[in-house]
Amino acid sequence: MGFVRESFGTAVGLILSLDWEVFSAVRTSVGVALWSIVYSSVLGIPAGVLIGIREFPLKRTVITLLNTLMALPTVVVGLLVYGLISRQGPLGAWGILFTPKAIIIGQTVLAVPIIANYTLSAVRGADNRIISTALTLGASRLQSAFQLTREIRFGVMAAVIAGFGRVISEVGVAMMLGGNIRGYTRTMTTAIALETSKGEFAFGLALGIILMIVALIINLLLNHLQQR
Amino acid sequence: MKHLRNLLLMLILLFNLSLSANAEERLRMSTTTSTENSGLLKVLLPPFEKKYNCIVDVIAVGTGKALKIGETGDVDLVFVHARKLEDKFVADGYGVNRRDVMYNDFVIIGPADDPAAVKEALTAAEALKKIAIKQAIFVSRGDESGTHQKEKEIWQAAGIRPEGKWYQSAGQGMGEVIIMATEERAYTLADRGTFNAFKGSRTNLKILFEGEKGLFNPYGVIAVNPKKYPHVKYDLAIKFIDFVTGPEGQGIIAGYNVNSDPIFFIYGKK
Amino acid sequence: MIPQFNLTSVRKRFGERVVLDVERLLLWSGRLYILTGPNGSGKSTLLSILAFLTKPDHGDLLFSGELVTWAADELSLLRKRVTLLHQFPYLFDGTVFGNVAYGLKVRGIRSEALRRSVDDSLELVGLNGFDERNVGQLSGGETRRVALARALVLNPDILLLDEPLANVDKESADLLERLIAFLPSNGTTVVMSTHDPHQGERLKGEVIRLLDGRVNGIGNYNDKEAQICPPMKMHAI
């Protein structure tokens, strides 16, 4: 346990000394996470709303599938996307393996089920008069769906926050698709994995502490947005 | 909603990850975790990058994967230490222009009190045989890496198929395996470079057998075949190969040491 | 003259239960109808169908002589002509202004015209100056009035009201009754449901009685014969 105490000191030291490698890893971590959340929100929020409002055959099956996808191991997602974007794969010509773009794609895949699922939950818990009120006031179906999303925005924000938590903390996708390239695709989590593999537990934990501080700051921001 | 949009814009500006191509060229090289962990690349690459105004992306993974991503054309060159696999890589047409870069050696490390009396062995094969007879815990890389290949060769020379509770196939990198062995006060086969990096602070294991010719660990660099993958940066890869095998690169390699211990050795005169 | 609504063999089922079964019903433009009947008699369902929010399982509905196909884009247009006020109205998060303006915004009305319409509507329901109030701060009666303003501002051809006067304070009730009574003279068709059997008398509307999903009687309140009309004998007024 000695390394736990040591790591706090190391963390402070790294922050104060503006260690370039650490800041690069933080920047990469936050950057890919934010972009993934943007893309996965664009995909996941409408998906959650639509599945929630519409009745369609196999609706139950789709919802169960969505629940299951939330438990996708990150390495599995990494492998699947790897198969797609490796030079051998169908999207190989894009040449994006081992770049931040690849991590963003993988993390988007990870976050979409989470955001969709939590949004769906919010829709199901929403007042069932919202849609009919909007419709009777002359809204189109699309407009009424927008209004519903506005009314449940607290829950939608919670979905986004949950998605962010998942991607900022994951290793499997970042490692597989990014390649842990120093200064380029090395994220906080892959850096921690690397340090741990070298036996540098204190350093690894120090990075972990810094990551948690960054995540805390971002969550404070997101929560502030949620309150509006 | 307006606030959300403004916040997003701000974040995008801050965290623009230059998703479009950079000004400099990027050369992708796969190598092993032990090579990366030795720290050599931190001193070897910058002069090359500066000279040719490029960036070398190092993807450090297990030997098997390092060669695999060369086979799939996802990197431009491969820098590993598994001669048999390297030869196959070239023979199968995936790589061209293989050159020797440097070598280090493997050592058998274990607890200071040496319960299996490895110190008294005259050959590496004998050393492993003693461990097997004593059923002392031996941690194997178990990941088809260069180190693992070497380990398998020695077992074969000793005429033993290692199995049983004492033989632990970890399936992990050299660093993790050294930590495991340290924790369990066990034996393992390690490359000297990684061991030197861990010596003292992260492990209390000692070198109990070394020096045999069979424990030689040569490193080779291979360019991925442009005929197979026209997109690879072949010219830049060749420049790199020339650099590391030329006087400047070799000088850096020979001069690199950790805790005043040299890690790698070059061929020919220094 | 064509009836505004013409229902033939309209049935709606929820699960096993038939909640509405109307053989024939005609409603004419510009009149005030009072829908009475005990709980579960199908009043809300009928209103929902007239609002084009619920599709019947069976039967034909003609609107101004045209058969309603219940296709999505057709409904979008139809719904802009009829507005339903729920028994317990839902106000959207935000301000009173935001709510009352909603239907107008959806119809593309903006800025000055929007502001004027909203203010006029709020004045009509006696909520002058309530623009910036947050909906969370409104009393029950105020909520009802905002919902009514939200509906009235759209000047719909048909206004449907589900129990608009239930559980409302006296002051609001009086205001609402006055407005409802006034609307038909403005050309608006009004159909409101109520528990209160005396409402028909006060409002001088035509009463449609529902029982177990069926029309049990139609007529003016004072029409004794209509009140005891047996289930199968339907009249068109």
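Scroll up for the structure.
The following refers to the structure shown. (Residues numbered from 1 in each chain as written. Chains lettered and ligands numbered in written order. Predicted model: local features only at pLDDT ≥ 70, side-chain atom pairs only at ≥ 80, totals over all residues.)

## With respect to the overall build of chain C
Helix and strand counts for chain C stand at eight helices and 10 strands. Here the C-alpha radius of gyration of chain C, 18 Å, is about what a compact globule of 237 residues would show, namely 18 Å. Projected onto the principal axes, the alpha-carbon positions of chain C cover approximately 50 × 40 × 40 Å. Residues classed as buried in chain C amount to 43% of the 237 residues present. Contacts in chain C between residues at least 24 apart in sequence constitute 69% of all its contacts with a sequence separation of at least 6. (Helix = DSSP H or I, 4+ residues; strand = E, 2+ residues; numbered from the N terminus. Rg over C-alpha atoms; globule rule 2.2 N^0.38 Å. Buried ≥ 20, exposed ≤ 12 C-beta atoms within 10 Å, placed from the backbone. Contact = placed C-beta atoms within 7 Å.)

## Brief notes about the interface of chain A and chain B
If you look at the interface, chain A gives 22 residues, while chain B gives 24 residues. Those elements that place two or more of their residues in the side of chain A that touches chain B are helix H2 (20–53) and helix H5 (100–125) of chain A. Counting residues per element, the side of chain A that touches chain B draws most heavily on H2(A), at four residues.

## Quick notes on the sheet that holds strand S2 (residues 17–27) of chain C
All names here are of chain C. The strand order across the open sheet formed by four strands is S2-S1-S4-S5, and the pairing between neighbours is antiparallel. Strand pairing shows two members of the sheet lacking a second neighbour, S2 and strand S5 (66–67), which therefore form its edges. Across two bridges, strand S4 (residues 58–63) lies against S5 in antiparallel orientation. Each residue of the ladder has a partner; that of Phe63, found in S5, is Glu66. (Pairing = 2+ DSSP bridges.)

## Thoughts on helix H1 (residues 43–50) of chain C
Residues and elements named next belong to chain C. In terms of burial, H1 is largely enclosed, as eight of its eight residues are buried. For H1, the complete set of buried residues consists of Lys43, Ser44, Thr45, Leu46, Leu47, Ser48, Ile49 and Leu50. Looking at the residues trailing H1, positive phi occurs at Phe52, about 60°.

## Section: the packing of H2(A) against helix H8 (residues 153–168) of chain A
All names here are of chain A. Close contact between H2 and H8 brings their axes to 9 Å; oriented N to C, the two are set at 140°. As summarised for this structure, H2 and H8 are arranged oblique, according to the angle between their axes. Crossing handedness for the pair H2 and H8: right-handed. Where H2 approaches H8, its residues Ser29, Ala33, Ser36, Ile37, Ser40, Ser41 and Ile45 are matched on the opposing element by Val156, Val160, Gly163, Phe164, Val167 and Ile168. Looking at side-chain class alone, the contact of H2 with H8 contains eight nonpolar, five polar and no charged residues. (Axes fitted to C-alpha atoms, helices over the stretch in contact; angles between N-to-C directions. Parallel < 35°, antiparallel > 145°, perpendicular 65-115°, else oblique. Left-handed = near helix turned anticlockwise from the far one by under 90°. Nonpolar A, V, L, I, M, F, W, Y, C, P; charged D, E, K, R; others polar.)

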